[in-house]
Amino acid sequence: MSTHFDTARFGSMTSSRMLTSKPHGMSAAAAASDIGTMRYYDEHATSYAEATRAQPLHPTFDSFVKRLKMHGGPVLDLGCGAGRDLRALSQRGLSAVGFDASRPLLELATEFSGCPVIQGDLRAIPFENEMFGGVWASASLLHLQRGDIPNVLLEVLRILQVGGYFFSSIKTGEGEGPDSSARWFTYFHPNEWISLVREAGFEVIESQASRQNIGTLGSQAPVAWFDCTARKP
Ligand SMILES: C[S@@+](CC[C@H](N)C(=O)[O-])C[C@H]1O[C@@H](n2cnc3c(N)ncnc32)[C@H](O)[C@@H]1O
(Lines give C-alpha, C1' and ligand atoms only; values in the text may rest on other atoms or scores of the structure.)
Protein backbone atom coordinates (compact mmCIF):
# COMPACT_ATOMS: atom_id res chain seq x y z
CA MET A 1 0.00 0.00 0.00
CA SER A 2 1.49 3.36 -1.00
CA THR A 3 2.51 5.74 1.78
CA HIS A 4 2.88 8.70 -0.57
CA PHE A 5 0.39 10.89 -2.33
CA ASP A 6 0.93 10.75 -6.07
CA THR A 7 1.03 14.43 -7.06
CA ALA A 8 1.55 13.56 -10.70
CA ARG A 9 -2.09 12.54 -10.87
CA PHE A 10 -3.20 15.98 -9.75
CA GLY A 11 -0.28 18.38 -10.00
CA SER A 12 0.13 21.20 -7.51
CA MET A 13 -2.78 23.65 -7.24
CA THR A 14 -4.96 21.65 -9.58
CA SER A 15 -8.37 23.21 -10.05
CA SER A 16 -10.08 19.85 -10.04
CA ARG A 17 -13.47 21.20 -9.02
CA MET A 18 -13.75 24.89 -8.52
CA LEU A 19 -16.35 26.16 -6.10
CA THR A 20 -17.81 28.25 -8.90
CA SER A 21 -18.76 25.07 -10.73
CA LYS A 22 -21.10 23.84 -8.04
CA PRO A 23 -21.19 20.12 -7.23
CA HIS A 24 -23.81 18.02 -8.97
CA GLY A 25 -27.20 18.22 -7.28
CA MET A 26 -26.27 21.15 -5.05
CA SER A 27 -29.21 23.38 -4.18
CA ALA A 28 -29.31 27.12 -4.86
CA ALA A 29 -29.58 27.65 -1.09
CA ALA A 30 -26.38 25.68 -0.55
CA ALA A 31 -24.60 27.70 -3.22
CA ALA A 32 -25.81 30.92 -1.60
CA SER A 33 -24.49 29.83 1.80
CA ASP A 34 -21.02 29.46 0.25
CA ILE A 35 -20.79 32.99 -1.03
CA GLY A 36 -20.26 34.69 2.33
CA THR A 37 -18.01 31.88 3.58
CA MET A 38 -15.66 31.82 0.64
CA ARG A 39 -15.62 35.59 0.23
CA TYR A 40 -14.51 35.83 3.85
CA TYR A 41 -11.64 33.34 3.44
CA ASP A 42 -10.53 34.72 0.09
CA GLU A 43 -10.55 38.34 1.30
CA HIS A 44 -9.01 37.67 4.73
CA ALA A 45 -6.51 34.99 3.70
CA THR A 46 -3.42 36.81 4.98
CA SER A 47 -4.85 37.83 8.35
CA TYR A 48 -6.49 34.42 8.73
CA ALA A 49 -3.13 32.76 8.05
CA GLU A 50 -1.38 34.93 10.66
CA ALA A 51 -4.06 34.26 13.26
CA THR A 52 -4.30 30.50 12.77
CA ARG A 53 -0.56 29.93 12.54
CA ALA A 54 -0.18 31.67 15.91
CA GLN A 55 -2.53 29.15 17.50
CA PRO A 56 -1.23 25.95 19.08
CA LEU A 57 -1.79 22.64 17.32
CA HIS A 58 -4.92 20.76 18.18
CA PRO A 59 -4.71 18.83 21.51
CA THR A 60 -5.30 15.50 19.72
CA PHE A 61 -2.94 16.27 16.83
CA ASP A 62 -0.04 14.17 18.07
CA SER A 63 -2.16 11.17 18.98
CA PHE A 64 -3.71 11.30 15.48
CA VAL A 65 -0.19 11.38 13.97
CA LYS A 66 0.87 8.45 16.14
CA ARG A 67 -2.12 6.36 15.03
CA LEU A 68 -1.51 7.29 11.41
CA LYS A 69 2.16 6.36 11.57
CA MET A 70 1.19 2.94 12.92
CA HIS A 71 -1.29 2.52 10.05
CA GLY A 72 0.74 4.17 7.24
CA GLY A 73 -0.43 5.94 4.09
CA PRO A 74 -0.67 9.58 3.06
CA VAL A 75 -2.89 12.03 4.91
CA LEU A 76 -5.40 14.49 3.46
CA ASP A 77 -6.06 17.79 5.23
CA LEU A 78 -9.66 18.46 4.21
CA GLY A 79 -10.26 22.21 4.41
CA CYS A 80 -6.58 22.88 5.11
CA GLY A 81 -6.87 26.67 5.36
CA ALA A 82 -3.49 28.40 5.55
CA GLY A 83 -1.50 25.21 6.11
CA ARG A 84 -0.65 25.20 9.82
CA ASP A 85 -1.62 21.54 10.24
CA LEU A 86 -0.29 20.55 6.80
CA ARG A 87 3.15 21.81 7.76
CA ALA A 88 3.04 20.01 11.11
CA LEU A 89 1.96 16.76 9.43
CA SER A 90 4.81 17.04 6.96
CA GLN A 91 7.32 17.93 9.70
CA ARG A 92 6.34 14.71 11.46
CA GLY A 93 7.35 12.73 8.40
CA LEU A 94 3.92 12.17 6.85
CA SER A 95 3.09 12.58 3.18
CA ALA A 96 0.38 15.26 3.43
CA VAL A 97 -1.83 16.93 0.85
CA GLY A 98 -4.13 19.90 1.36
CA PHE A 99 -7.60 20.38 -0.08
CA ASP A 100 -9.62 23.59 0.16
CA ALA A 101 -11.92 25.83 -1.88
CA SER A 102 -10.00 29.07 -1.25
CA ARG A 103 -7.25 29.70 -3.76
CA PRO A 104 -5.64 32.52 -1.73
CA LEU A 105 -5.48 30.23 1.33
CA LEU A 106 -4.12 27.34 -0.74
CA GLU A 107 -1.35 29.53 -2.12
CA LEU A 108 -0.35 30.45 1.43
CA ALA A 109 -0.72 26.83 2.58
CA THR A 110 1.56 25.32 -0.05
CA GLU A 111 4.18 28.05 0.43
CA PHE A 112 4.13 27.57 4.23
CA SER A 113 4.09 23.76 4.27
CA GLY A 114 5.82 22.72 1.06
CA CYS A 115 2.95 20.24 0.59
CA PRO A 116 0.88 19.77 -2.58
CA VAL A 117 -2.57 21.32 -2.45
CA ILE A 118 -5.70 20.84 -4.52
CA GLN A 119 -8.54 23.28 -4.99
CA GLY A 120 -12.02 21.86 -4.77
CA ASP A 121 -15.27 21.59 -2.89
CA LEU A 122 -15.81 19.43 0.16
CA ARG A 123 -19.03 18.18 -1.44
CA ALA A 124 -17.20 16.91 -4.53
CA ILE A 125 -14.13 15.10 -3.20
CA PRO A 126 -12.07 14.17 -6.27
CA PHE A 127 -9.86 11.38 -4.85
CA GLU A 128 -9.83 7.68 -5.68
CA ASN A 129 -11.04 4.94 -3.34
CA GLU A 130 -8.80 4.10 -0.38
CA MET A 131 -6.11 6.64 -1.31
CA PHE A 132 -5.41 7.88 2.23
CA GLY A 133 -4.38 6.42 5.54
CA GLY A 134 -5.82 9.45 7.30
CA VAL A 135 -8.19 12.35 6.75
CA TRP A 136 -7.87 15.41 8.99
CA ALA A 137 -10.84 17.80 8.89
CA SER A 138 -10.29 20.53 11.47
CA ALA A 139 -13.07 23.12 11.58
CA SER A 140 -14.03 22.71 7.94
CA LEU A 141 -17.12 20.47 7.73
CA LEU A 142 -18.94 23.00 9.95
CA HIS A 143 -19.19 25.29 6.91
CA LEU A 144 -21.45 22.84 5.07
CA GLN A 145 -25.20 22.66 5.36
CA ARG A 146 -26.50 19.93 7.70
CA GLY A 147 -28.06 18.00 4.81
CA ASP A 148 -24.68 17.79 3.01
CA ILE A 149 -22.94 16.00 5.86
CA PRO A 150 -24.05 12.34 5.37
CA ASN A 151 -22.79 12.23 1.76
CA VAL A 152 -19.55 13.99 2.60
CA LEU A 153 -18.87 11.51 5.42
CA LEU A 154 -19.53 8.62 3.02
CA GLU A 155 -17.03 10.16 0.64
CA VAL A 156 -14.43 10.44 3.40
CA LEU A 157 -15.02 6.75 4.17
CA ARG A 158 -14.61 5.90 0.48
CA ILE A 159 -11.20 7.58 0.13
CA LEU A 160 -9.83 6.10 3.38
CA GLN A 161 -7.98 2.81 3.51
CA VAL A 162 -9.44 0.10 5.75
CA GLY A 163 -8.13 0.80 9.25
CA GLY A 164 -7.44 4.46 8.34
CA TYR A 165 -8.25 7.36 10.65
CA PHE A 166 -10.60 10.31 10.34
CA PHE A 167 -10.44 13.35 12.61
CA SER A 168 -13.16 15.99 12.60
CA SER A 169 -13.78 19.05 14.74
CA ILE A 170 -17.02 20.99 14.70
CA LYS A 171 -18.73 23.71 16.74
CA THR A 172 -21.47 22.54 19.07
CA GLY A 173 -24.84 24.22 19.39
CA GLU A 174 -28.19 24.56 17.68
CA GLY A 175 -29.16 25.46 14.13
CA GLU A 176 -27.21 26.85 11.20
CA GLY A 177 -26.72 30.16 9.44
CA PRO A 178 -24.29 32.98 8.73
CA ASP A 179 -22.36 34.51 11.64
CA SER A 180 -21.30 38.18 11.96
CA SER A 181 -18.49 37.57 9.44
CA ALA A 182 -21.10 36.24 6.94
CA ARG A 183 -19.51 32.77 7.03
CA TRP A 184 -22.03 29.93 7.14
CA PHE A 185 -21.84 27.73 10.24
CA THR A 186 -23.78 24.58 11.04
CA TYR A 187 -23.80 23.65 14.73
CA PHE A 188 -24.18 20.08 15.99
CA HIS A 189 -24.94 18.43 19.30
CA PRO A 190 -22.02 16.09 20.12
CA ASN A 191 -24.32 13.03 20.07
CA GLU A 192 -25.69 14.09 16.70
CA TRP A 193 -22.15 14.33 15.29
CA ILE A 194 -21.19 10.93 16.67
CA SER A 195 -24.35 9.40 15.18
CA LEU A 196 -23.62 10.93 11.77
CA VAL A 197 -20.05 9.59 11.83
CA ARG A 198 -21.24 6.13 12.91
CA GLU A 199 -24.08 6.07 10.37
CA ALA A 200 -21.54 6.70 7.61
CA GLY A 201 -19.83 3.47 8.66
CA PHE A 202 -17.02 4.64 10.94
CA GLU A 203 -16.07 3.28 14.33
CA VAL A 204 -15.72 6.22 16.75
CA ILE A 205 -12.64 5.68 18.90
CA GLU A 206 -12.22 8.98 20.75
CA SER A 207 -14.19 12.19 21.23
CA GLN A 208 -14.04 15.23 23.45
CA ALA A 209 -15.74 18.56 23.98
CA SER A 210 -13.81 21.71 24.85
CA ARG A 211 -14.35 25.45 25.21
CA GLN A 212 -11.59 27.56 23.75
CA ASN A 213 -11.00 31.22 22.99
CA ILE A 214 -10.14 30.42 19.41
CA GLY A 215 -12.31 30.02 16.40
CA THR A 216 -13.61 33.41 15.36
CA LEU A 217 -11.21 36.14 14.33
CA GLY A 218 -11.63 39.34 16.30
CA SER A 219 -13.86 37.73 18.92
CA GLN A 220 -12.85 36.81 22.45
CA ALA A 221 -16.01 34.81 23.04
CA PRO A 222 -15.24 31.17 23.88
CA VAL A 223 -16.29 28.63 21.27
CA ALA A 224 -17.65 25.20 22.20
CA TRP A 225 -15.74 22.70 20.05
CA PHE A 226 -16.30 18.97 19.65
CA ASP A 227 -13.58 16.67 18.29
CA CYS A 228 -14.01 13.16 17.07
CA THR A 229 -11.44 10.57 15.97
CA ALA A 230 -12.88 7.65 14.04
CA ARG A 231 -11.57 4.64 12.14
CA LYS A 232 -12.70 2.88 8.98
CA PRO A 233 -13.42 -0.70 10.11
C1 LIG B 1 -12.30 27.51 9.87
S2 LIG B 1 -11.26 27.22 8.47
C3 LIG B 1 -10.25 25.88 9.08
C4 LIG B 1 -8.90 25.84 8.41
C5 LIG B 1 -7.94 24.81 9.00
N6 LIG B 1 -8.44 23.45 8.87
C7 LIG B 1 -7.65 25.13 10.45
O8 LIG B 1 -8.03 24.34 11.32
O9 LIG B 1 -7.04 26.17 10.68
C10 LIG B 1 -12.35 26.43 7.30
C11 LIG B 1 -11.70 26.09 5.97
O12 LIG B 1 -12.64 25.36 5.19
C13 LIG B 1 -12.61 25.84 3.84
N14 LIG B 1 -13.94 25.60 3.24
C15 LIG B 1 -15.12 26.09 3.63
N16 LIG B 1 -16.12 25.62 2.86
C17 LIG B 1 -15.54 24.81 1.94
C18 LIG B 1 -16.02 24.00 0.87
N19 LIG B 1 -17.32 23.94 0.57
N20 LIG B 1 -15.14 23.29 0.16
C21 LIG B 1 -13.80 23.31 0.45
N22 LIG B 1 -13.28 24.06 1.46
C23 LIG B 1 -14.13 24.79 2.20
C24 LIG B 1 -12.28 27.31 3.98
O25 LIG B 1 -11.74 27.85 2.79
C26 LIG B 1 -11.29 27.31 5.15
O27 LIG B 1 -9.98 27.15 4.71
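Residues numbered from 1 in each chain as written. Predicted model: local features only at pLDDT ≥ 70, side-chain atom pairs only at ≥ 80, totals over all residues.

(A) View of the environment of valine 162. Along the chain, valine 162 falls in strand β6 (residues 160-171). Exposure remark for valine 162: the 10 C-beta atoms within 10 Å place this residue in the exposed category. Between the C-alpha atom of valine 162 and that of histidine 71, which follows or precedes it by 91 residues, the distance is 9.5 Å. (Helix = DSSP H or I, 4+ residues; strand = E, 2+ residues; numbered from the N terminus. Buried ≥ 20, exposed ≤ 12 C-beta atoms within 10 Å, placed from the backbone.)

(B) Fine view of the site of the ligand. Not every one of the 18 residues close to the ligand is listed here, only the nearest: Gly79, Gly81, Ala101, Ser102 and Ser138. Looking at the shell around the ligand element by element, the count peaks at 3 residues for helix α1 (residues 28-43). For the shell around the ligand, a count of residues per class yields 6 nonpolar, 8 polar and 4 charged. (Near = placed C-beta within 6 Å. Nonpolar A, V, L, I, M, F, W, Y, C, P; charged D, E, K, R; others polar.)

(C) The arrangement of unusual backbone geometry in detail. Unlike most non-glycine residues, glutamate 130 shows phi in positive territory, near 55°. Not every positive phi belongs to a glycine, and alanine 139 is a case in point at roughly 55°. In this fold, alanine 139 is placed in the loop between β5 (132-138) and α6 (149-159). The exposure class assigned to alanine 139 is buried, which follows from the 20 C-beta atoms found within 10 Å.

(D) Region of interest: the packing of helix α4 (residues 84-91) against helix α5 (residues 103-113). The interhelical angle for the contact between α4 and α5, taken along N-to-C directions, is 25°, at an axis separation of 8 Å. With respect to their mutual orientation, α4 and α5 come out roughly parallel. Crossing of α4 over α5 shows right-handed handedness. In this structure, α4 uses Leu86, Arg87 and Ser90 to contact α5, whose residues at the interface are Ala109, Phe112 and Ser113. Here the contact of α4 with α5 is composed, by residue class, of 3 nonpolar, 2 polar and 1 charged. (Axes fitted to C-alpha atoms, helices over the stretch in contact; angles between N-to-C directions. Parallel < 35°, antiparallel > 145°, perpendicular 65-115°, else oblique. Left-handed = near helix turned anticlockwise from the far one by under 90°. Contact = placed C-beta atoms within 7 Å.)

(E) Structural detail: the packing of α6 against helix α7 (residues 190-200). Two numbers describe how α6 lies on α7: the axes approach to 9 Å, and their chain directions differ by 50°. Considered as vectors, α6 and α7 are oriented oblique to each other. Crossing geometry of α6 relative to α7 is assigned as right-handed. In this structure, α6 uses Ile149, Pro150, Leu153, Leu154 and Leu157 to contact α7, whose residues at the interface are Leu196, Val197, Glu199 and Ala200. Residue composition of the contact of α6 with α7, by class: 8 nonpolar, no polar and 1 charged.

(F) View of α4. When we look at burial in α4, the residues that qualify are Arg84, Asp85, Leu86, Arg87 and Leu89. Contacts from the buried residues of α4 go to α2 (45-53), α3 (61-71), β2 (75-78), β3 (96-100), α5 and β5. Immediately downstream of α4, the backbone of glycine 93 shows phi near 90°, a positive value.

(G) Seen up close, the pairing of β6. Sheet topology note: the β5/β6 ladder contains 6 bridges and is parallel. Of the residues in β6, the one forming a bridge with tryptophan 136 is phenylalanine 167. With respect to chirality, the unit in which β5 leads through α6 into the neighbouring parallel β6 is right-handed. Where β6 meets strand β10 (residues 223-231), 7 bridges bridge the pair, whose relative direction is antiparallel. By the bridge assignment for β10, phenylalanine 166 is matched with alanine 230. (Pairing = 2+ DSSP bridges. Right-handed = clockwise from strand over helix to strand, strands pointing away.)

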